[in-house]
Amino acid sequence: MAKDKLIAELGQLVSESRNPRTMQIDLMPTAEILAAINREDGDVAAAVERVLSAIAVAVDRTVEAFRSGGRLIYIGAGTSGRLGVLDASECPPTFGVPPTMVVGIIAGGDRALRNPIEGAEDDPAQGRNDLVARQLTANDVVVGIAVSGRTPYVIGALEYAREVGATTVALSCNPDSTIAKLAEIAISPVVGAEAVTGSTRMKSGTAQKLVLNMISTASMIRLGKIYENLMVDVSVSNEKLAARAVRIIAEAVGCTNAEAETLLARSGNDAKLAILIGLTGFDPADAESLLTRSDGFLRRALLDAGTTTPGA
């Protein structure tokens, strides 16, 4: 009976429906297969655009959480969980934040990143337990990610987050889903049937990645991690990122790469501080003090210093 119920439920989901435009995809030559997939992918950005207002609310609540010492926590199973972990893992090198600030949790733990863990997504108690283990608080934002919107693991996590008083966000690709009704903020980009029926790692996964990128990136912009459109809080932790920091400094200051390297060294590998030094002529200690008073916002620091910058 339980299996019959599940089959019936899946049959009602947009994400599980058959796509009439790709019914002959198994007979197509390679070029036509790729063209068909590409046409379907073209619908994704429009679906995300239709839910921008909900994403904006999630971003604003995330910024509030960060300013209160809270975290952004993604939790999901399978592809959805992997995408959450991916977005979380990219925040420290991109924005120079600690790894505890944006957290990704996947059903089945880290082993599930590479291997399917049978039954992990079917356990609502484990969703709750994984948040308990992270010492969830009311200051946190929990984003439950599930294409179907009915994954028990995610439902259990969101129910617990509500009990704690954390902000709850549901990211699904089906309208009026279970998690959308459960969460305070529902983000439901409906991308329609997949090119390959039920392969929700395709259009649905792409939509989820776009939304997660928006939530984390927009939140970091609001926290002053970006100057103009430059990643000024980039972590200088390897040769590529060091080279990127030099290019960012040279672009922002309008100096040579060699001069940018000198500024980066003077700042102790802090690209944002190096730019402030380069644009104001302040010594590192005074520039750092100015940045602190400006809450880390480079434009604000430059205005306080009386420095006119392009676009300010």
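In this report, the structure presented in the accompanying data block is examined. (Residues numbered from 1 in each chain as written. Predicted model: local features only at pLDDT ≥ 70, side-chain atom pairs only at ≥ 80, totals over all residues. Heavy atoms only, no water.)

Once that is clear, we can look at empty space enclosed by the protein. Under the criterion given, the structure shown has one cavity of 30 Å³ or more. The volume enclosed by the largest cavity comes to roughly 30 Å³. The wall of the largest cavity is formed by Leu83, Leu86, Asp87, Glu90, Lys209, Leu212 and Asn213. Ranked by residues supplied to the lining of the largest cavity, first place goes to helix α5 (residues 78-95) with four residues. Here the lining of the largest cavity is built from residues that sort into three nonpolar, one polar and three charged. (1 Å grid on protein atoms, 1.4 Å probe; cavity = no way out; pocket = protein on both sides within 12 Å on 5 of 7 lines; lining within 4 Å. Points joined across faces, edges and corners; volume = space filled by probe spheres on them. Helix = DSSP H or I, 4+ residues; strand = E, 2+ residues; numbered from the N terminus. Nonpolar A, V, L, I, M, F, W, Y, C, P; charged D, E, K, R; others polar.)

Here the focus is the pairing of strand β3 (residues 141-145). Where burial is concerned, most of β3 is hidden: five out of the five residues are buried. Side chains Val141, Val143 and Ile145 of β3 all project onto a buried face; the interleaved residues Val142 and Gly144 project onto the opposite face, where all are buried too. Where β3 and strand β4 (residues 167-171) come together, five bridges link them in parallel fashion. Its bridge partner lying in β4, valine 141 is registered against threonine 167. Once you follow β3 into helix α7 (residues 152-164) and on to β4, the crossover reads as right-handed. (Buried < 20%, exposed > 50% of the residue type's maximum accessible area, 1.4 Å probe, protein only. Pairing = 2+ DSSP bridges. Right-handed = clockwise from strand over helix to strand, strands pointing away.)

Moving on, we get to the pattern of salt bridges. A full pass over the atoms with the stated rule returns ten salt bridges. Residue glutamate 40 pairs with lysine 203 through a salt bridge whose shortest N-O separation is 2.9 Å. Of this pair, glutamate 40 sits in helix α2 (residues 30-41) while lysine 203 sits in helix α9 (residues 203-222), placing them 163 residues apart in sequence. Between arginine 71 and aspartate 140 there is a salt bridge, with the nearest N and O atoms lying 2.7 Å from each other. With arginine 71 in the loop between α4 (52-67) and β1 (72-76) and aspartate 140 in the loop between α6 (124-133) and β3, this residue pair connects regions lying 69 residues apart in the sequence. Given a relative accessible area of 1%, aspartate 140 falls into the buried group. Salt bridges sharing partners connect three or more residues here, namely Arg21, Glu40 and Lys203. (Salt bridge = Lys/Arg side-chain N within 4 Å of Asp/Glu carboxyl O.)

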